Each structure stands twice: as structure tokens, then as C-alpha cells.
Amino acid sequence: MQLYPKLITDALATVRYPGNGKNLIEAEMLEDDLRIDGMKVSFSLIFEKSTDPFMKSVVKAAETAIHTYISKDVDVTINTKTLQAQRPEPGKMLPQVKNVIAVSSGKGGVGKSTVSANLAVALAAQGYKVGILDADIFGPSVPKMFHLEAEQIYAWEKDGRQLLIPAEKYGVKILSIGFFVNPDTATLWRGGMASNTLKQLIADADWGELDYLVLDTPPGTSDIHLTLLQNLAITGAVIVSTPQQVALADARKGIDMYRNEKVNVPILGLVENMAWFTPAELPENRYYIFGREGVSRLAEEMNTPLLAQIPIVQSICEAGDNGEPAAVNANTITGLAFHNLASAVVEAIDKRNAELPATTIVEMKK
């Protein structure tokens, strides 16, 4: 028996692609690389993306069609190609990002997002290329802090892939799930859906070259943290806490998560938020509402630097609510505190990179 191209295409014309109901020839899924060598046949089928749910079944059906309509003796090799380039593998998703900073807290309500936003703004103001990823999938607040609640996010094609274009304000590139959901509706997602969305915000976005990518992580320890650790080589973590004992207890858990031998992400240092209250009209006065030096003592106990103590000033809340982070104005009490924090973080990262090997992603054992 002699094989020739029309025999192959006629057989493939009996196989329909479930996505559109057309056969493989009508759908133009046969690549122009058909090769015949005696009873050996090889060709490629084209799919739009590597995650096509019908890929395996269509390839199997194509092989069966050739054996059914031509001969069982045909040795078939079917390759697959995708129109959309594949997403980079975990650990290599952001090759142009030099440092990834995870800002974390053991519990909610300690001002972690405020610290994340102001750290990013302060770093950008100091001349660095900065991005912030709102990884708090279930409670995104970064859009509000940058007054971008109504921001429309678009995508463009780059290197064969459709990539999201981050918003940009105060020199900071910004992405958040908050750009894609109704801010007045609760986000009810299972863990897998949330993790997949987070991967898209990381890998399917055009972050470009960055000196620092700040991750505003959810409070506590969760699937989202695991997703970040499995996909990003995090340079170091900044732990935010208030001086209260209950907050400090949870901060210890956050530190332990990153220091776990399977995770091994360096702790860059601690930030004491709401360290004291200072009235705007009496800037020299300090009132320790939530306790005094609690985070300072914890930093000493955990052998990690105290990066900053951020006071409570009414303007810091107003600035966040108005979408203008306090760090935009370095001449205020809180603005200066966040700029000092940024400088301390830069110093801590430089020290970490000089003394420690690069962080690796967390590998899950099957």
C-alpha cells in the first residue's frame, strides 16, 4: 500500500474539533508539515492555546481515523502546536524582575496594604522601577488606595501571547483582581480558581523590567501564599504588625511560614504599624494606643531587623481613602516614615543578595 497526502487529509476530515464543530481540515488545524516515509506519517495539529481542553482527545481521534480509514499498519506521529506562546514555567515567570518583596501580616487590620502601597510609591519616588501586585484575591484594596477603582485593564499581543497591561500611577505599575470584579460584590471563589487567577496576574501580564515587585499578600497563611511560593522566587518578606500582643502572636506565625525549611524565604525585617498616635497639631507628642515597642521586641527575639515604625496620623487614613498614598508627600510625618522604610528595605535586600543564594520556588512533591 502506498500512502499519499490526500489519503491522510481525507481521514482527518472525518474528525471534528468539539470547540467549533468543524472537521480538522475545515478548521485549518493541520499544519503544513505533513511528512510521509513509506508507512510512516508525521504531522502537526494547531491549537489556539496549550491549555485547550480538547487537545488530547482530538489527537487520539486523529490517530484512530488514520488507522480506521487507511490502515492499522500506519505508524503515526502527531505533534501539537499552539498559536499562543506558552506561559513561562514556575520560577521563571518574571525574568525581568530583579527583586520580589512579599509584604505579609499574620492577621488582618494591621495596615499591610497601606504599607505595601506606600512602600511601592516611596521606592518609585527614589528612582527605582517598581510594580505592585495585589495578591489579596478575596479582599483587594490596592485599586482604592491608588484611586483606580474604575480603571479599565486591557491586553496586547507580545511575543505570541496576550498580556495584560498593568495600570500605572505615581510611577508604579499596578495589577489587582479588583480591576476585574465588582467592588460591591463578595468574591466567592474556590481555592483553585483564586490560584489560577493569581497566576494570570503574575505571568500573563507585561510587567517589563522592574527593580522591585511588591506583593500585597492576604493576611494569615493560605492557598494564595502557597501559589506565590510555588510560582515566584521571592527575594524576601516584610512582616507588618501592630504592637498589640494578639497581632504579635500572629506575626510570629507569618515569620515561621517563610522560615520553614521547605519555603526558606529570608525575612527582610519587621514593620511596626500604628506604633503610636501623633496629633497633627502636636507632632512631638506620642500616645501609645496599642502598646509600646512590641514589634521592636519581637524583631530582637526573632533576630530580624526592625525596618520602620509607622505612626498613626489622621492624614494617613485620609490619604489612603482619597487614593493618594502618604508617601507621595515625603515632607509629612508619615510620608517621611515610608521613605525611610523604602531605604531600609533597599539596604536589607542588598545585604540579603550579597550574603545569601537566590531563593528557589517551593516544589510540591507528587
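Here the residue index of a chain counts from 1 through its sequence in written order. Since the coordinates come from a predicted model, pLDDT governs what is reported: local features require at least 70, and pairs of side-chain atoms require 80 or more to be given and counted, while whole-chain, interface and lining totals use all residues. With hydrogens and water stripped out, all remaining heavy atoms of the structure feed into the side-chain values.

Undergrad: When you look at the sheet that holds strand E10 (residues 210-216) in this model, what are you seeing that I'm missing?
TA: Sheet strands line up and pair through hydrogen bonds in the backbone, either parallel or antiparallel. Reading across from one edge, E8-E9-E5-E10-E4-E11-E12-E13 is the order of the 8 strands in this open sheet, with mixed pairing throughout. Of all the strands in the sheet, the pair left with one neighbour each is strand E8 (167-169) and strand E13 (306-312). With direction set aside, neighbouring strand axes in the sheet form an average angle of 25°. Pairing between two strands requires that DSSP report at least two bridges joining them. Secondary structure elements follow DSSP: runs of H or I no shorter than four residues count as helices, runs of E no shorter than two count as strands, and numbering proceeds from the N terminus. Summarising the sheet, strand E11 (residues 236-241) and strand E12 (residues 267-277) pair through 5 bridges and their orientation is parallel. Bridge pairing links Val240 to Val271 in E12. Taken strand by strand, helix H3 (residues 112-125) contacts strand E4 (97-104), strand E5 (130-134), strand E9 (172-176), E10, E11 and E12, and its axis lies near 170° from that of E10. Lying over the sheet, helix H10 (residues 333-355) contacts E4, E10, E11, E12 and E13, oriented at roughly 165° with respect to E13. Between N-to-C directions, angles span 0 to 180 degrees; the directions come from axes that are lines fitted to C-alpha atoms, helices contributing only their stretch in contact. Contacts between residues were defined by any pair of non-hydrogen atoms, one from each residue, lying within 4.5 Å.

Undergrad: Explanation requested: the environment of Ala344 in the structure shown.
TA: Mapped onto the elements, Ala344 comes out in helix H10. Exposure is judged per residue with a 1.4 Å probe applied to protein chains only, and the accessible area is read against the type maximum: over 50% gives exposed, under 20% gives buried, and values in between give partly exposed. For Ala344, a relative accessible area of 19% corresponds to the buried category. The spacing of Ala344 and Leu306 is 38 residues in sequence and 9.1 Å in space, taken between C-alpha atoms.

Undergrad: Help me out: how do you make sense of helix H1 (residues 5-12) in this one?
TA: An α-helical turn contains 3.6 residues, so any two residues separated by three or four positions project in the same direction. Among all positions of H1, only Leu7, Ile8, Ala11 and Leu12 are buried. Buried residues of H1, seen end-on, are gathered within an arc of 130° and therefore sit on one face of the element. The inward-facing, buried residues of H1 abut strand E1 (35-37), strand E2 (40-47) and helix H2 (55-69). This arc describes the spread of directions from the helix axis toward the C-beta atoms.

Undergrad: Would you take a moment to explain the pairing of E13 for this structure?
TA: Remember that side chains alternate between the two faces of the sheet whenever the strand is regular. In terms of burial, E13 is largely enclosed, as 5 of its 7 residues are buried. Direction of pairing for E12 relative to E13: parallel, over a ladder of 5 bridges. Note that in E13 the partner of Glu272 across the bridge is Gln309. Orient the strands so they point away from the viewer, and a crossover whose first-strand-to-second-strand path over the helix runs clockwise is right-handed. Read as a crossover between parallel neighbours, the route from E12 over helix H8 (residues 294-301) to E13 is right-handed.

Undergrad: Sorry, what's going on with the packing of aromatic side chains here?
TA: Given two aromatic rings, one states the distance between the centres and the angle between the planes to describe the pair. To pair, rings of Phe, Tyr and Trp, with the six-membered ring standing in for Trp, must have centres within 6.5 Å; the planes then decide the type, stacked if under 30 degrees apart, edge-to-face if over 60, and tilted in the middle. With the rule as written, the count across this model stands at 6 aromatic pairs. With centroids separated by 6.4 Å and ring planes inclined at 65°, the aromatic side chains of Tyr17 and Phe47 adopt a geometry described as edge-to-face. Here Tyr17 is found in the loop between H1 and E1, whereas its partner Phe47 is found in strand E2, with 30 residues between them in sequence. A relative accessible area of 2% places Phe47 in the buried class. Tyr17 gets classed as buried once you look at its relative accessible area, which sits at 13%. One aromatic cluster in this structure is built from Tyr17, Phe47 and Phe54. Here Arg286 stacks its cationic end above the ring of Trp276, 3.7 Å away from the centre of that ring. Comment: the charge-over-ring label is applied if NZ (Lys) or CZ (Arg) is within 6 Å of the ring centre and within 35 degrees of the ring normal.

Undergrad: Teacher, can you tell me more about the pairing of E5 here?
TA: Buried residues dominate E5, accounting for 5 of its 5 residues. Neither face of E5 is left uncovered, since the one carrying Val130, Ile132 and Asp134 and the one carrying Gly131 and Leu133 both have all their residues buried. Pairing of E5 with E9, which is carried by 5 bridges, proceeds in the parallel orientation. Looking across to E9, one finds that Leu133 is bridged to Leu175. Bridging between E5 and E10 involves 5 bridges; their strand directions are parallel. Residue pairing across strands places Val130 opposite Tyr212, the latter belonging to E10.

Undergrad: Looking at this model, I keep getting lost on the sheet that holds E2. Mind explaining?
TA: Overall, mixed pairing links the 3 strands, which are arranged E1-E2-E3 in an open sheet. If you trace the sheet from one side to the other, it starts and ends with E1 and strand E3 (75-82), each paired once. Each strand of the sheet is rotated relative to its neighbour by a mean of 20°, with strand direction disregarded. Two elements, E2 and E3, share 8 bridges in a ladder whose sense is parallel. Across the sheet, the residue bridging to Lys40 is Asp75, located in E3. Against the sheet, H2 contacts E2 and E3, and its axis sits at roughly 150° relative to E3.

Undergrad: Looking at this structure, how should I read the packing of H1 against H2?
TA: Where H1 meets H2, the closest approach of the two axes is 8 Å, and the angle between their N-to-C directions is 120°. Put simply, H1 runs oblique to H2. Considering only the axes of H1 and H2, their crossing is right-handed. Packed against H1, whose contacting residues are Ile8, Ala11 and Leu12, the element H2 presents Ala62, Ala65, Ile66 and Tyr69 at the interface. Three residue categories are used. Nonpolar comprises Ala, Val, Leu, Ile, Met, Phe, Trp, Tyr, Cys and Pro, charged comprises Asp, Glu, Lys and Arg, and polar comprises the others, including Gly. Split by residue class, the contact of H1 with H2 holds 7 nonpolar, no polar and no charged. Orientation is classified from the angle alone, with under 35 degrees giving roughly parallel, over 145 giving roughly antiparallel, 65 to 115 giving roughly perpendicular, and any other angle giving oblique. Note on convention: near helix rotated counterclockwise from far helix by under a right angle means a left-handed crossing. Clockwise means right-handed.

Undergrad: Can you walk me through unusual backbone geometry in this structure?
TA: Across the chain, the bulk of peptide bonds are trans and the bulk of non-glycine residues have phi less than zero. Look at Asn264: it is not a glycine, yet its phi comes out positive at around 55°. A positive phi angle is found at Glu293, which is not glycine, with a value near 60°. For Glu293, the position within the fold is in the loop between E12 and H8.

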